[in-house]
Amino acid sequence: MFGKKSQSIISGFILLAFAFFMSCLGVQAQTSKGPIKIGIDIEMTGVMSETSMNAKMGYDLYLEEIGYQVTGRKIKVIEYDNKTDPKISMEVAQKLVEKDKAHILCFGTNSGAAIAVRQYAERAKVPMVVVAMAGAEKVTLPPSKYAFRLTYADGQGELPLGGYAYEKLGLRKMALMGVDYVGSTGKLWSFQQGFEKAGGKIVQTILWPLGDMDLAPQFARLSSDAEGIFPFIPGDISINRLLNQYFEMGLDKKGVRLVTHWTMTADYLPIKTFKKKMLGVTSMAMYCLDFDSPENRRVTQLYYKKYGKKKMMNSDVAVGYESMKFICKALESIDGNAEDTEAFIKAMHSTKIEGLCSKSLSVDQNGNVIRDFVIRQVQEKDGVIKNVVLDVIPQTHQPPEGYTVMPGK
Amino acid sequence: MLNVAMAISQLLNGLAFGMLLFLLAAGLSLMFGLMGIVNLAHGSYFMVGAFSGLTALEATGSFLLAILVGSLSGTFLGFLTERFFLRRVYSLRHHEPILLTFALSLVLSDLSLFLWSGTPRWVQVPEYLSFTLNIAGNFYPAYRLAIILGGIIIFVAIYLFQEKTLWGAIVRAGVDDKEMATGLGINIPLVFTIVFCFGAFLAGFGGFVGSPILGVFVGLDIEIIMLALAVVIVGGIGSLPGCLVTCLFLGIADTFGKVLWPAYSSLTIYAILVMVLLVRPTGLFGKGGTN
């Protein structure tokens, strides 16, 4: 009745119709489930809001790029301000899980609060993902099935930076300076491990309480043996205070080098403030605007298109973008089936994405990110004072437990 | 641990910090002595002085003009506070003036946030003071030495004004006995306004001059007012030399505390405050009364 050609056409048509029917069923099934709910417990106000709101700009950028959907299923973002208050963070986490029925709980910056929310997420059996900063090792150590951190752990960058300072920058004797609290001493101790393992010597550790208004007395204590300083202090005001008093005491002119954490050399504040004085300051970072990769160029272009040039693209935005991309790729690999927590957790462990300044981003068995770190230095390039890439430390891991706890702290 | 060179450096650090405290606390102490009012908005004059001076510096590039603008903005705020707010509550004499000035400080803080945003800013030391001097083998910033010198000049000027001029005598009379001074025909409300404006002028001046050390940000007012209140409590009211000595003493004690017992250094000033309150509630140089 039909020729062979006609039979093939009819068979193809039937197959196409079947595929179309099945995909409609799939979409209907996804739609009937409602949207994927991502609850975000974040610092919109308070002392850590700057970092978190930058990260928010990053994850909003990614969600907009994918049209707020994964494999045809809509994504609904529910955000509440935790006001940088650990107590409110817990209340927000409970509200997101118990009232809003969030499938995934995302968290912002505050390490102390992240540790508490992690315990709650474990009890509630909801995956929790840190998308801004939270350095303390207790966020992912001891390992928790439900906790993921896509940013960094204390020591992850400081440890290799210590080795780099000895081997590549030629520093032999250094001093550590910082605030006497766990978020700072952990970083100092990690740097010391890296520096001393490479053969260097830490000649002095200077610590002071949080909230010190005048740091000149601390710099006046600095040993004349120190060829360089690794300082860390949290908060934009304190960072500027420390840098200002380092310059004011003429330490840069005396040749005492500054090797530090990326927040102390951010393009949008310290470099904008101190300009040429910052030349030569070396830091490690997850991000560098100057990093030449197609992904960095593409996302930076998207960022300026959406937000304008009022605020520079920065590390926090990059991390927010990468974190949301990671979550969405994991969801994509399970067809957006966010209700299946076990499958999502498994997917998080097998997901691998390209970062803005990292060839790949994945998580280790503890749920902590494995990523490249950039060693950058403030230089004048093309007439602009900015961070430029000196080197890349590939695929850094979170140091083992206890490695970031300074003895006696 | 503390060699001679380091001790000299730390002594200078203490003196510079003490001088900044003096610029802030001298006005507060005068206001308290004359009017009996604890002005919690005084830290706001310091902060607004820093912000306005920075704005002027960015617009003109002149550090001296910026100092003038910072000082005048403090004076202007002081005038508004005294003339339009405090005059209405002088007669109440209880908690109302404190609550009023506290409310004003909150308003000024939010207004600063609106005008200058929450991003912390920094004032760069002018080129001609941007160098270090070798003192006993240690490098010491010239700007801090300039603060010490400037503080001494201001103290001498105020002291001579207060002790050697008629206006100074009027102010002293007002501090000692307002009723008697009024009975002698002195226009005490006018004296109040002038002293208040002068105190605010000093705060605005200190705010900008201190900004290369402390920074410029919303919240500076709260940080600094606590120290100023500590000075007034430890030093007592009504004595300008007493205020200076107290500021220098606290500045030096705070600095050496940071060197000798860094972990507990934030307690140094407040430990002294508690001891003074227990032993001499009128303050080290107070003129009597326990109010």
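Here the structure is shown first, and the text comes after it.
These figures come from a predicted structure and were not determined experimentally.

1. A word on the interface of chain A and chain B
Accessible area lost upon the coming together of the parts serves often as the stated size of an interface.
For step 1, the next point in the chain: The interface of chain A with chain B comprises 25 residues on the first partner and 29 residues on the second.
For step 2, the next point in the chain: Carbon and sulfur atoms supply 57% of the area buried between chain A and chain B, which totals about 2,400 Å² over both sides.
For step 3, the next point in the chain: In this structure, the salt-bridge partner of Glu223 of chain B is Arg241 of chain A, at a minimum N-O distance of 3.3 Å.
For step 4, the next point in the chain: Linking chain A with chain B are 12 residue pairs in polar contact (both at pLDDT 80 or more), by the criterion used here.
For step 5, the next point in the chain: Sort the elements by how many residues they give to the side of chain A that touches chain B and helix 8 (residues 236-248) of chain A lands first, with seven residues.
For step 6, the next point in the chain: Per-class residue counts for the side of chain A that touches chain B are 10 nonpolar, six polar and nine charged.

2. Describing the pairing of strand 8 (residues 201-208) of chain A
Residues and elements named next belong to chain A.
For step 1, the next point in the chain: With seven bridges connecting them, strand 7 (residues 173-179) and strand 8 associate as parallel partners. The residue bridging Leu176 from the neighbouring strand is Thr205, located in strand 8.
For step 2, the next point in the chain: Taking the sense of rotation as the criterion, the β-α-β connection linking strand 7, helix 6 (residues 182-198) and strand 8 turns out right-handed.

3. A short note on the sheet that holds strand 5 (residues 128-130) of chain A
Residues and elements named next belong to chain A.
For step 1, the next point in the chain: Pairing is mixed in the open sheet, where six strands are placed in the order 2-3-1-4-5-6. Here the strands that pair on one side only, and so sit at the sheet edges, are strand 2 (69-70) and strand 6 (147-149).
For step 2, the next point in the chain: As paired elements, strand 2 and strand 3 (residues 73-81) share two bridges and run antiparallel to each other. Bridge assignment links Gln69 to a residue of strand 3, and that residue is Lys74.
For step 3, the next point in the chain: In the packing of helix 4 (residues 111-124) onto the sheet, contacts are made with strand 1 (36-42), strand 4 (104-107), strand 5 and strand 6, and the angle to strand 4 comes to roughly 170°.

Reading guide: rules and limits
- Residues numbered from 1 in each chain as written.
- Chains lettered and ligands numbered in written order.
- Predicted model: local features only at pLDDT ≥ 70, side-chain atom pairs only at ≥ 80, totals over all residues.
- Heavy atoms only, no water.
- Contact = heavy atoms within 4.5 Å.
- Buried area = accessible area lost by both parts, 1.4 Å probe.
- Salt bridge = Lys/Arg side-chain N within 4 Å of Asp/Glu carboxyl O.
- Polar contact = N/O pair within 3.5 Å; in protein donor to acceptor, adjacent residues only side chain to side chain.
- Helix = DSSP H or I, 4+ residues; strand = E, 2+ residues; numbered from the N terminus.
- Nonpolar A, V, L, I, M, F, W, Y, C, P; charged D, E, K, R; others polar.
- Pairing = 2+ DSSP bridges.
- Right-handed = clockwise from strand over helix to strand, strands pointing away.
- Axes fitted to C-alpha atoms, helices over the stretch in contact; angles between N-to-C directions.

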